[in-house]
Amino acid sequence: MGVVVRATGLVKVYGAGAARRRVLDGAALEVAAGELVAVVGPSGSGKSTLLHVLAGLDRLDDGAIEVAGAPVHRLGERALTRLRRDQIGLVFQSFHLVPELTGAENVVLPARANGGGAAGATRARALIEQLGLVDAATRRPAELSGGEQQRLAIARALVNEPALVLADEPTGNLDDAAGAAVLELLRSVAVGGRAVVLVTHDPRAGAVADRTLRLVEGRLEAAPPA
Amino acid sequence: MRRALGLAVARLRARPGRTALAGLGILAAGAMAGAALTVSFGLATGFDRAADRADLPDVIARFDNTRTPAFVDRRVRALPDVAARSFRLEITNVHLSGNGHRSGQGSLEVLVAGRRRGYAVVAGRDVSDRRGGEVVIERGLADQFGLGVGDKLHIGQLTVRVAGIAVGPDNVAFPLARTARVYVPSGPLAARFGPAPVNVAELWLRDPSKLDEVLTQARAVSYGLRDLRFITRGGVRATLDQAAGLIVALLSAFALVTLGAAALMLAASASAEVQRRMRTIGVQRALGFTRGQVTLQHGVEGALLALPAAAAGVAAGALAAGGPTSDLLATLNELPPGAALLPWLALAVLAIVAVVAAASAWPAWRAAGRPATEVMRGGDLGRPRRRGRRVSSGGGYFALGARLAGARRGRLLATVAALGAAVAVVLLMLSLASLLDRLKEDPALLGKRYTFTVGDVGARQLVGSVPGVAAVGERYQVDGADAFALGSPVRLIAYPGDHTRFESPPLASGRRVRAANEAEVGQGLAQALGLDLGATLAVELQGGEARFRVVGIDRALDNEGRIAFVQPGRVVRADPAVNPVLAVRLTEDADPDRVAARLTALGVPPQRAGGATTSNAAFLGVLADVLRVLAGLTGVVCLYALVQGLALTARERRSTVAVLRATGAGQREVAALFAGAAVAAVVPALLVGIAVHQWLLAPAVAHLAAGYADLPVGAGAPEILVVALGLAALGLGAAAWMTRRARREPVVVGLREE
C-alpha cells in the first residue's frame, strides 16, 4: 500500500508575545492507503489544527506535507482547492450539512465543484444505498438524527472518491450507539483502500484504528495499546 | 420593561456591525420619508401659507381705464360685506435695469390708497409715503437681477433704492410670470406729478363665503369701469395651477408614494432582522422567556435602533429636499414651510419608530408562539417537498445560491418587497421625467393632431397645397371667465365643423360637438365648475356672454383641462375681436421640418404646436433638481436593500460557504453561489416592481395628480430596461463584493461558526 499522507516537522504557532503558543512543534505523520490512524489528545492540544493543515485549510509556519504526492505546504490557493476537491474528504464534528438541502443533495454537493454532475449523482446514489441512508436522503438535516447526519456527512466526504479522509471528532455529538456505528463506517472506508485520519476523544477509536497517535506538546507519539 | 430595555441595549452593542447595517437602512428610508414629506407638505401648503402671510385679498378687480381713487371708492362702498380695500395703479411694460440686468417687462405697482398690501415682505422693510426714492421689489426680480436690500434699481430714467423684497402670491414669480413687479408708494409721486389714478382694486371681505354675492353686486355697480375683470383667491390658485399645477400635483403624488414605499421597506427590513434571530428566539423560549417578553424585547430593540437612525435620516432627507423645494416654491411666489414642517417631521420619525418596532415585534410574536424546538431547528425554513429517491447533481452553484436564498422564505420575501418597492418608485420617477418631457414637447399627448399654426388665414389654399399637409382648418382660441363663477378662467377652442380632425382628446362621456350651441368640456373644467352632461356653460368674453349646452366631457390635459371645444359662431358673436389661425395637420409620413421650411419659403412661416407645461427652462431645472434628490435617495435605499439582503445571507451562510470551500469550491463557484442568491431576489423584485408600478403606482399617481385627465405615466421599454440593467449591475456588484469578502476569510474561521 502506498503512502497517501507524509508530514514532517510540522510547526504551527498561534498568538504573539506572551500569548504565543506552538500548537504543532515538529509533529510528523505518515498514513498509507487502507490505514486508519486515530489521533488523540486533550482539548486544545492541536488535534483540529493538525487536520486543518493536512487539508490545506490552514497554513503551516514550518514543515512539509504531501497528500497523494502533492506538496500541500507549497501549493497556492487554487491548487489547494483542487486538491481538496479531488483527493480529500472532510468530516466535521458538527456535521456541517447545509440545512436547506436534503440529505441526498448534501451528499452530492462536492461533486458539483468538480463538474462530475451525472457521475457524482450516480456515486452519491450508490453511497446512500450502501450506507443505509435511503430514507434520510429525502429529508432535510433538521429532520434527521445525529447519527444519520454524520453518516450523510461521511457519504459527502466520499462522493468524489478521495484518497484521504480526514475526520474531526466525528463521534463528538453522537450517543454511544451512533458513535460506534460511525467508527465502524470509517473503518470500512479504510478497508476500502483509503487513508483515514481520525481526530477524536473517543476511547473506542483505538479499537477500530490501525494505529493510535497521541498529540503531546505539539508532537505525535505512539499511544500505548488500549 | 427595564429588563427588556437592558437586554435590547446589550444585544445592539454586542453586534455593532449588524446594528450599523440595520441603522443605515432605517436612515436611508428615513431620508426618503423626510424628503418626500418636505416636498409634499411644502407644495401642498405653499399657496395658502403665502396667501395668509401676504394677506392676499379675497377679490382683485382690474379695469382698463384709470379712475380716481374717489370714483372707485364710491363703487366699492356700494358693495356688501367689504372689510377693507386698497387701490393701486398698475403700469406695465416698464423698463427695469440694475446690477447689469435689464427687462422691458416691469410692472410698476403704485400703492395709491389703503393700508393692506396683499404682498409679504420677506427681506428688508415695506415702503411708505414718507420715504421717497424707495421701492419694494418682488423676489423673482431680486433673484434674477441679483439685487438685495439697499441696492439700486433703475426704473426708466429714475434711480431708486430697494428697501425690501416681497412675495405676492397672486401670480407666479418673474420670470415664470412675464412681468416683474415693483411696488412704489404714491406719496412721493403725487408730490411730483399730482394725485395718481387707479386701475386695480383689492378687496378683503368679512365673510369670504359671500364672495359670489359680492361679485354679482360688483358687476351691477361697475358702470364707468371698462373691461372689469375679477380674480379671486380661488382664481389665483387656478392661475397658478395653469402654470405648474399639474407638475406640482405629480410631484406631491410621487412624494406620497415614496412615503409608502419607505414604510414598506422599513417593515421588510425589520422583519428580515428578526427572521435572522429565529434560533435565539427558540433558545429564549426554551429558557423560560414568555411570548410577551420575547416580543417586547424585539419591539424595544427595534425602537431603540430606529429612533436615532430615523431622526438622522428624516433630518438628512428634509435638508436635502429643502433647498430644491424652496426654489420651486420661490418660482411660484410661495413660501417654504419653515418651522411648520417640524411637527410633521417629528411625526414621521415617530411613525418610522412605530413601523420598525411593530415589524420587529410581529414576527417575534409569531415565532415565539411556535414550539421552541421547531424554531431552534430551522427558523423560517420552508417545509421540504417530498422528493423521489432520484439524486441529481442539482444544477450547479448558481442554482444552489438561489435555493439557499429561497429557503429563507420570510427573508427573501422581505428583500423582494423592499427591492420591488424601490424598483417601482424608481420606475415611477423615470416615467414621470419622461412624461414631463413629453408634456413639454409632444403636442400629440394633449390630443393635438395638428403640428403647426399659421397666422395668415387667407393663405389656406396655399398652405393646403404644400406636400405633406393633410388638412388645414381655422382654429379660434379665446380666454374668458365662467359667467357664474367669475374667478374661474375658461379657454374656448373653436373649429368650424368637426374639431377632432385637429384636436381629439379622448371622450370620457357624452358625444362630440355637432351644433353651434354645444360644447365638449375638459374634465378639469367640468370638475371645477360642477358641469355635467346637459348643463349650461356660460362664458364671459370681452364683448359679452356665450352660452353652450354641455354634450361631452373630454379627458383633456391642455390648460389643466379647463377648456371647452365649441363651434365658432357664438364665440365670434360674443367677442368679435377674436382672430383665428390656421391649424395645419400633416400626413403621417411627412417631415415636419421640410414642411415648415416650405411654408416659410412661401411667406407663411408656421408656429409649432406646443405642449402643456411652461417652457421656462429655470422652472423645469428646479423640477429636475427635486426629482434628482428623490431619485438619488431611492437609489441609495435600493442599493442598501440589496446589500443588506446579501450581507445577511453571507453572514448567515458563513459556515456553509466555508464547508463548500473546504470540499472544493473555488472562487468561481463561490461567486456563482452569491450571484444565484442575488438573482433570486433581483428577478422577482424586478417583476414585482414593474407590476406594482404599472398597475398600482402609475394609475394612483395619475389619479392623484389629475383626476380630471388620464395621464400616461406608465413605464415604457426604455425605462424598464434601464431599471433592469441598473438592478442587475447592483446585484452583480453586491455579489462580487460578497465573494471577495468571503474569499478573504480563512476557511477554518467559517467552519468554527456553528
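Counting restarts for each chain, with residues numbered from 1 along the sequence as it is written. Chain letters and ligand numbers both follow the written order, the letters beginning at A and the numbers at 1. Local features in this predicted model are restricted to residues of pLDDT 70 or higher, and side-chain atom pairs are both shown and tallied only at a pLDDT of 80 or more, whereas totals for entire chains, interfaces and linings draw on every residue. Each side-chain value is derived from all of the structure's non-hydrogen atoms; neither hydrogens nor water enter the calculation.

Here we come to the overall build of chain A. Working definition: helices are DSSP H or I runs of at least four residues, strands are E runs of at least two. Numbering for both runs from the N terminus. The secondary structure content of chain A amounts to 7 helices and 10 strands. Looking at chain A as a whole, 59% of its 226 residues are labelled buried. Looking at chain A alone, contacts between residues at least 24 apart form 70% of all its contacts between residues at least 6 apart. Note on areas: Shrake-Rupley, 1.4 Å probe, and residue coverage restricted to the protein chains presented here. Just so you have it, chain A exposes about 8600 Å², and 49% of that area is on carbon and sulfur atoms. The rule is simple: take the accessible area with a 1.4 Å probe, protein chains only, and divide by the maximum for that residue type; under 20% is buried, over 50% is exposed, in between is partly exposed. A contact between two residues is defined here by any heavy atoms of the two lying within 4.5 Å.

Our focus in this paragraph is the overall build of chain B. The helix and strand tally for chain B stands at 22 helices and 20 strands. With the model as given, the accessible surface of chain B reaches about 31500 Å², and the carbon-plus-sulfur share is 56%.

Before going further, it helps to spend a moment on the sheet that holds strand S7 (residues 164-168) of chain A. Residues and elements named next belong to chain A. Here we have 6 strands laid out as an open sheet, ordered S6-S7-S8-S3-S9-S10, and mixed in their pairing. Each of the sheet's edge strands pairs with one partner strand only, and the pair in question is strand S6 (88-91) and strand S10 (219-222). With direction set aside, neighbouring strand axes in the sheet form an average angle of 20°. Here, a strand pair is defined by DSSP locating no fewer than two bridges between the strands. In this structure, S7 lies alongside strand S8 (residues 195-199), joined through 5 bridges in parallel fashion. Bridging across to S8, Asp168 finds its partner in Val199. To get an axis, a line is fitted to the C-alpha atoms, and for a helix only the part in contact is used. The angle between two axes follows their N-to-C directions and goes from 0 to 180 degrees.

Once that is clear, we can look at the nonpolar core. For the purposes of this section, nonpolar cores are sets of buried Ala, Val, Leu, Ile, Met, Phe, Trp, Tyr and Cys residues that join through side-chain atoms within 4.5 Å. Of all hydrophobic cores here, the largest spans 43 residues; its most connected members are Ile65(A), Leu164(A) and Leu166(A). Take this core: its biggest share by element is 5 residues, from helix H1 (residues 47-55) of chain A. For Leu164(A), the contacting residues outside a window of four places in its chain are Val4(A), Val5(A), Val67(A), Gln87(A), Ile88(A), Gly89(A), Ala195(A) and Val197(A). Core analysis: the second largest hydrophobic core is formed by 41 residues, Leu79(B), Val94(B), Val162(B) and Val198(B) among them.

Here we come to the packing of aromatic side chains. All names here are of chain B. Aromatic contacts are taken between Phe, Tyr and Trp rings whose centres are within 6.5 Å, Trp giving its six-membered ring; a plane angle under 30 degrees counts as stacked, one over 60 as edge-to-face, and the others as tilted. On inspection of all chains with the given rule, the structure shows 3 aromatic pairs over all chains. Between Tyr119 and Tyr183 the ring centres are 4.1 Å apart and the planes differ by 35°, which places this aromatic pair in the tilted class. In this pair, Tyr119 sits in the loop between strand S3 (101-113) and strand S4 (120-124) while Tyr183 sits in strand S8 (residues 180-185), placing the two residues 64 residues apart along the sequence. Considered together, Tyr119 and Tyr183 belong to a single accessibility category, that of buried residues. When the ring of Tyr495 is compared with that of Phe502, the centres are 5.4 Å apart and the planes differ by 5°; the resulting orientation is stacked. Of the two residues, Tyr495 and Phe502, neither departs from the other in class, the shared state being buried. The ring of Trp365 carries Arg291 above its face, with NZ or CZ at 3.7 Å from the centroid. To sit over a ring, a charge needs its Lys NZ or Arg CZ within 6 Å of the ring centre and within 35 degrees of the ring normal. The residue whose ring lies beneath Arg741 is Trp737, and the NZ or CZ to ring-centre distance is 5.4 Å.

What follows is about the packing of helix H9 (residues 291-331) of chain B against helix H10 (residues 342-368) of chain B. Residues and elements named next belong to chain B. H10 packs onto H9 with a crossing angle of 150° between their chain directions and a minimal axis gap of 7 Å. It follows from the interaxial angle that H9 and H10 lie roughly antiparallel. H9 and H10 meet at a crossing whose hand is right-handed. Put simply, angles under 35 degrees are roughly parallel, angles over 145 are roughly antiparallel, angles from 65 to 115 are roughly perpendicular, and the rest are oblique. Crossing handedness is read from the near helix: turned anticlockwise from the far helix by less than a right angle, it gives a left-handed crossing, and turned clockwise, a right-handed one.

All names here are of chain B. Among the 6 residues that make up S8, 6 are buried, leaving the element largely enclosed by the rest of the structure. Every second residue of S8 is oriented toward a common face, with Ala180, Val182 and Val184 on one face and Arg181, Tyr183 and Pro185 on the other, all of them buried. Sheet analysis places S3 next to S8, joined by 6 bridges and oriented parallel. Of the residues in S8, the one forming a bridge with Leu108 is Val182. By the bridge criterion, 2 bridges tie strand S5 (residues 134-138) to S8 in an arrangement that is antiparallel. Residue pairing across strands places Val136 opposite Tyr183, the latter belonging to S8.

Right, let's get into unusual backbone geometry. Here His96(A), not a glycine, exhibits a phi torsion of approximately 55°, which is positive. The topology assignment puts His96(A) in the loop between S6 and helix H3 (103-113). The phi torsion at Asp81(B) lies on the positive side, around 70°, for a residue other than glycine. By the element assignment, Asp81(B) lies in the loop between helix H3 (69-77) and strand S2 (82-98). Classification of Asp81(B) as buried rests on a relative accessible area of 19%.

Residues and elements named next belong to chain A. The sheet built from 4 strands is open, its strands ordered S2-S1-S4-S5 with antiparallel pairing. Two strands lie at the open edges of the sheet, namely strand S2 (21-32) and strand S5 (70-71), each paired on one side alone. Pairing geometry for strand S4 (residues 62-67) and S5, over 2 bridges, is antiparallel. Residue pairing for S5: Glu66 is matched across the bridge by Pro71.

Where charged atoms from two side chains of opposite charge approach closely, those side chains can pair. What makes a salt bridge here is a side-chain nitrogen of Lys or Arg within 4 Å of a carboxyl oxygen of Asp or Glu, nothing more. Within this structure, the stated rule accounts for 26 salt bridges over all chains. One salt bridge in this structure joins Asp202(A) and Arg204(A), with 2.7 Å as the shortest N-O distance. Where Glu503(B) meets Arg475(B), a salt bridge forms, and the shortest distance between an N and an O atom there is 2.6 Å. A residue pair is termed long-range when its members are at least 10 positions apart, and Glu503(B) in the loop between strand S13 (489-494) and strand S14 (507-510) and Arg475(B) in strand S12 (residues 469-482) qualify at 28 residues. In terms of burial, Glu503(B) and Arg475(B) fall into one category: buried. Residues participating in the shared-partner salt-bridge network are Asp73(B), Arg77(B) and Arg85(B).

With that settled, consider helix H6 (residues 211-220) of chain B. What sets the pattern is the α-helix's 3.6 residues per turn: residues three or four places apart point alike. All names here are of chain B. Residues of H6 that are buried: Leu211, Val214, Leu215 and Ala218. Taken down its axis, H6 places every buried residue within 100° of arc, on the same side. Among the exposed residues of H6, those pointing more than 90 degrees away from its buried face are Glu213, Thr216 and Ala220. The arc under discussion is defined with respect to the helix axis, by the directions toward the C-beta atoms.

So, on to the environment of Ala121(A). Within the secondary structure, Ala121(A) is located in helix H4 (residues 117-130). Separated by 38 residues in the primary sequence, Ala121(A) and Val159(A) place their C-alpha atoms 8.6 Å from one another.

Another point: the environment of Gly726(B). All names here are of chain B. With respect to the helices and strands, Gly726 occurs in helix H21 (residues 717-744). Overall, the relative accessible area of 31% leaves Gly726 in the partly exposed class. For the pair formed by Gly726 and Val423, sequence separation is 303 residues and the distance between their alpha carbons is 9.9 Å.

A word on the packing of helix H8 (residues 278-286) of chain B against H9(B). Residue and element names in this part refer to chain B. Relative to each other, H8 and H9 sit at 140°, their axes nearing to 10 Å. Classified by the angle their axes make, H8 and H9 are oblique. The chirality of how H8 crosses H9 is right-handed. On the side of H8, the interface is formed by Ile281, Gln284 and Arg285, while H9 contributes Arg291, Val294, Gln297 and His298. Its residues placed into classes, the contact of H8 with H9 shows 2 nonpolar, 3 polar and 2 charged. Polar here means any residue outside two lists: the nonpolar Ala, Val, Leu, Ile, Met, Phe, Trp, Tyr, Cys and Pro, and the charged Asp, Glu, Lys and Arg; Gly therefore counts as polar.

This next bit is on a nonpolar patch on the surface. Taken together, the side chains of Phe398(B), Val679(B), Val683(B) and Leu687(B) make up a nonpolar region of the molecular surface, amounting to roughly 340 Å² of accessible area. The dominant element in the nonpolar patch, judged by the number of residues it contributes, is helix H20 (residues 667-705) of chain B, at 3 residues. Exposure above 30% relative accessible area and the absence of a salt bridge qualify a residue for a patch, where like charges join within 9 Å and nonpolar side chains (Val, Leu, Ile, Met, Phe, Trp, Tyr) within 5 Å.

What follows deals with the environment of Glu669(B). Among the structural elements, Glu669(B) can be located in helix H20. Sequence-wise, Glu669(B) and Tyr397(B) are 272 residues apart; in three dimensions their C-alpha atoms are separated by 5.8 Å. Other than its neighbours up to four places away in sequence, Glu669(B) contacts Arg85(A), Ala113(A) and Tyr397(B). Any pair of nitrogen or oxygen atoms within 3.5 Å is treated as a polar contact; in protein, a donor-acceptor pairing is required on top of that, and neighbouring residues in sequence qualify only through side-chain atoms on both sides. From its side chain, Glu669(B) meets the backbone nitrogen of Gly666(B) in a polar contact 2.7 Å long.

Below, the discussion takes up the confidence of the model for chain B. Residue and element names in this part refer to chain B. pLDDT gives the predictor's per-residue confidence on a scale running from 0 to 100. Residue-level pLDDT values for chain B average 79, and 79% of them are 70 or greater. In the model, residues 612-617 has pLDDT below 50 throughout and makes 12 contacts with residues more than four positions away in sequence or in other chains. Two numbers describe this predicted complex: its pTM, 0.61, and its ipTM, 0.85.

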